[in-house]
Amino acid sequence: MGCCSSASSAAQSSKREWKPLEDRSCTDIPWLLLFILFCIGMGFICGFSVATGAAARLVSGYDSYGNICGQKNAKLEAIPNSGMDHTHRKYVFFLDPCNLDLINRKIKSVALCVTACPRQELKTLSDVQKFAEINGSALCSYNLKPSEYTTSSKASVLCPKLPVPASAPIPFFHRCAPVNISCYAKFAEALITFVSDNSVLHRLISGVMTSKEIILGLCLLSLVLSMILMVIIRYISRVLVWILTILVILGSLGGTGVLWWLYAKQRKSPKETVIPEQLQIAEDNLRALLIYAISATVFTVLLFLIMLVMRKRVALTIALFHVAGKVFIHLPLLVFQPFWTFFALVLFWAYWIMTLLFLGTAGSAVQNDQGFVEFRVSGPLQYMWWYHVVGLIWISEFILACQQMTVAGAVVTYYFTRDKRNLPFTPILASVNRLIRYHLGTVAKGSFIITLVKIPRMILMYIHSQLKGKENACARCVLKSCICCLWCLEKCLNYLNQNAYTATAINSTNFCTSAKDAFVILVENALRVAAINTVGDFMLFLGKVLIVCSTGLAGIMLLNYQQDYTVWVLPLIIVCLFAFLVAHCFLSIYEMVVDVLFLCFAIDTKYNDGSPGREFYMDKVLMEFVENSRKAMKEAGKGGVADARELKPMDACSSNRALELHWFSSKS
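Under an unreviewed UniProt entry, the chain has the name Choline transporter-like protein and belongs to Felis catus. One UniProt comment on the chain, placed under Function (unreviewed entry), says "Choline transporter." Per its UniProt entry, the chain bears the Sequence similarities (unreviewed entry) comment "Belongs to the CTL (choline transporter-like) family."

Listed below in structure tokens is the structure:
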């Protein structure tokens, strides 16, 4: 990876004094060039699929004989019904759209180009014939005339399966898709193969479709709650920890109580309905409520135990949150970082999925065993999708790393600017400018390292899923152990990468030097890192729990009005997962700010001592936090050796304490 260096260079690096924001230079240029070449390769894959006609086949659709709908087609050798003029037939219609190949994940049906999709259900061949005569859209095979639909003996094979479900064209893709919920459930069965009872799956899908407005509203509620929590963090950070603690206690108790109350209420309510389907839905809801209530009770008990253990460290987190809150006051655009990152990821994922679909229809026409046409890529180009998958992981990690570098650069600018009135007008945009001008190579290298770890883990997970039930206990244990180890390694590298980006933002060094310097700082302050990260991450976790509990409780109350005809399980799970995802995206920015602040503080105390020419950059509040935490840990450990060992890296110049306090008093 190019991270190796000689002992002499390492010794020089260890003696090097950091000069924050003074020198800027381009870092890891070879990795930037490599990343650009890789992106050019991604563009080649998209261009190849478009050049081979895949774009037209994907957007306009094609029938089972290789004809693209909505245009004139060239004759394919030895393939019947090819080369037809489908200028007026712009939609793809499947004779049996709900017949799926569960292994290959595709529709096992003859596809035809038609003039219009049947908007109403057609129950008999007479209805199909009447539809063709009125709309000019023949739904049977090209070899069968509409007048022969009811008289030909081949109509049962060449015409669509009866009844023909009502369908509507998919926007922009010209496919006739069934609008019936039961057919959607069959589509889901192709993806959810572990569901043994299809009736349960049908009821779950029906519940989601019936409650889609409520699900959308609750997802919007989680977004609003996350934004409100970020605003609260900015202005009332001193009391936020206690507010979160009290609200989580009340929320967990209230949610658990409401679940048990609803369970008792529904269990005692008389079963007046005689409709079997509604009775089954009521039983499913009752069982789901019992599971939710038990899970909430266990979660509440565990939460109380954890908070009981952490109660003495809550005071340390209050000061840390206050400092981070000041950063958000000076850098309000930090709150919107998740939006820009999410928008960039969505754009890239949309491009990636579109290119993947292009690849699925690229290649040359080949006749399969049934006599129909499939498009396949032969030769080395058939492995392009592997390159495409690696691109998904690397570029996604690159976008996330750009966010980390941007946040780190903005917070570093805030911390190492002595007079906050001299901050740039928009430190976020200034950080983005430095990222683009100097450090894209560093971001590319860091994201590539994560990709190298993530790909083997995903391969092992795929192998484990394919061998489920087939491998022996020893192989299963080895696979799970390898997956777990790679996951732990990935998390550790993510944390180290984030601190390496901070070191790069401070001193403009390449990735390996920054990672080594950051690692040394973190090791010197290992106990302090563990204490701050444990308490800080736990309080941010409580914020996520608060948002999920609030959204889930609102979902329970709203879905309670649909208990007679809606299964709660899937809608509530979807809402809670989305709420957690949104809360994680927003609060992870706060976590980044805390981590960057701590590394800056550790570097500040290591290389500065408060003497003239080596003044501290930190403000009074942060030093008060250090003093308070030192007192609290001394009281907890009664001044033991462990405390002295922990505080040693943080106290760079204890003999100059009077000078340090004098400097702070002059700054206040």
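**Examining the nonpolar core**
Core analysis: the biggest nonpolar cluster contains 89 residues, and Leu-334 and Val-593 have the highest contact counts within it. Considering every element that reaches this core, the biggest residue donor is helix H18 (residues 569-607), with 18 residues. For Val-593, the contacting residues outside a window of four places in its chain are Ala-324, Val-327, Phe-328, Leu-334, Val-407 and Val-411.

**Focus: the environment of Lys-326**
By the element assignment, Lys-326 lies in helix H11 (residues 314-330). The exposure class assigned to Lys-326 is partly exposed, which follows from its relative accessible area of 23%.

**Focus on the packing of helix H2 (residues 29-51) against helix H13 (residues 384-415)**
It is the contact of H2 with H13, at a shortest axis distance of 10 Å, that shows an interaxial angle of 130 degrees. Classed by the angle they form, the pair H2 and H13 counts as oblique. As for how H2 packs across H13, the hand of that crossing is left-handed. In this structure, H2 uses Leu-34, Phe-35, Leu-37, Phe-38, Cys-39, Gly-41, Met-42, Phe-44, Ile-45 and Phe-48 to contact H13, whose residues at the interface are Met-384, Tyr-387, His-388, Val-390, Gly-391, Trp-394, Ile-395 and Phe-398. In the contact of H2 with H13, the residues fall into 15 nonpolar, three polar and no charged.

**Quick look at the pairing of strand E4 (residues 111-114)**
Within a regular beta strand, the side chains point alternately toward one face of the sheet and then the other, so they alternate between its two faces. Side chains of E4 alternate between two faces, with Ala-111 and Cys-113 and Leu-112 and Val-114 buried alike. One ladder, built from four bridges, connects strand E1 (residues 91-94) with E4; its direction is antiparallel. Its bridge partner lying in E4, Phe-94 is registered against Ala-111.

**Details of the state of the cysteines**
One pass over the structure, following the stated rule, counts three disulfides. Paired by a disulfide, Cys-117 and Cys-176 hold their sulfur atoms 1.9 Å apart. Looking along the S-S bond of the Cys-117-Cys-176 disulfide, the torsion reads about -80 degrees, which is the left-handed sense. Of this pair, Cys-117 sits in the loop between E4 and helix H4 (125-135) while Cys-176 sits in strand E6 (residues 176-178), and the two are 59 residues apart along the sequence. Classification of Cys-117 by relative accessible area gives buried; the value is 7%. Paired through a disulfide, Cys-140 and Cys-159 show a sulfur-sulfur distance of 2.0 Å. Here the disulfide of Cys-140 and Cys-159 is right-handed, its torsion about the S-S bond being about 110 degrees. Of the two residues, Cys-140 is situated in the loop between H4 and helix H5 (155-158) and Cys-159 in the loop between H5 and strand E5 (167-169); the sequence distance between them amounts to 19 residues. The residues Cys-140 and Cys-159 share a single accessibility class, namely buried.

**So, the packing of aromatic side chains**
The geometry of an aromatic ring pair is captured by two quantities: the separation of the ring centres and the angle between the planes. Considering all chains together, one arrives at 17 aromatic pairs under this definition. Each ring, one from Phe-336 and one from Trp-340, has its centre 6.5 Å from the other, and the planes form 35 degrees; the classification is tilted. For Phe-336, a relative accessible area of 32% gives the class partly exposed. Look at Tyr-501 and Phe-511: their rings are 6.3 Å apart centre to centre, the planes differ by 55 degrees, and that puts the pair in the tilted class. Of this pair, Tyr-501 sits in helix H15 (residues 473-507) while Phe-511 sits in helix H16 (residues 511-524), and the two are 10 residues apart along the sequence. Assessed through its relative accessible area of 1%, Tyr-501 is described here as buried. Owing to a relative accessible area of 3%, Phe-511 belongs among the buried residues under this scheme.

Calculation notes
- Residues numbered from 1 in each chain as written.
- Predicted model: local features only at pLDDT ≥ 70, side-chain atom pairs only at ≥ 80, totals over all residues.
- Heavy atoms only, no water.
- UniProt positions renumbered as here; feature names shortened; annotations may be inferred.
- Core = buried A, V, L, I, M, F, W, Y, C linked by side-chain atoms within 4.5 Å.
- Buried < 20%, exposed > 50% of the residue type's maximum accessible area, 1.4 Å probe, protein only.
- Helix = DSSP H or I, 4+ residues; strand = E, 2+ residues; numbered from the N terminus.
- Contact = heavy atoms within 4.5 Å.
- Axes fitted to C-alpha atoms, helices over the stretch in contact; angles between N-to-C directions.
- Parallel < 35°, antiparallel > 145°, perpendicular 65-115°, else oblique.
- Left-handed = near helix turned anticlockwise from the far one by under 90°.
- Nonpolar A, V, L, I, M, F, W, Y, C, P; charged D, E, K, R; others polar.
- Pairing = 2+ DSSP bridges.
- Disulfide = S-S within 2.5 Å.
- Phe/Tyr/Trp six-rings, centres within 6.5 Å; stacked < 30°, edge-to-face > 60°.

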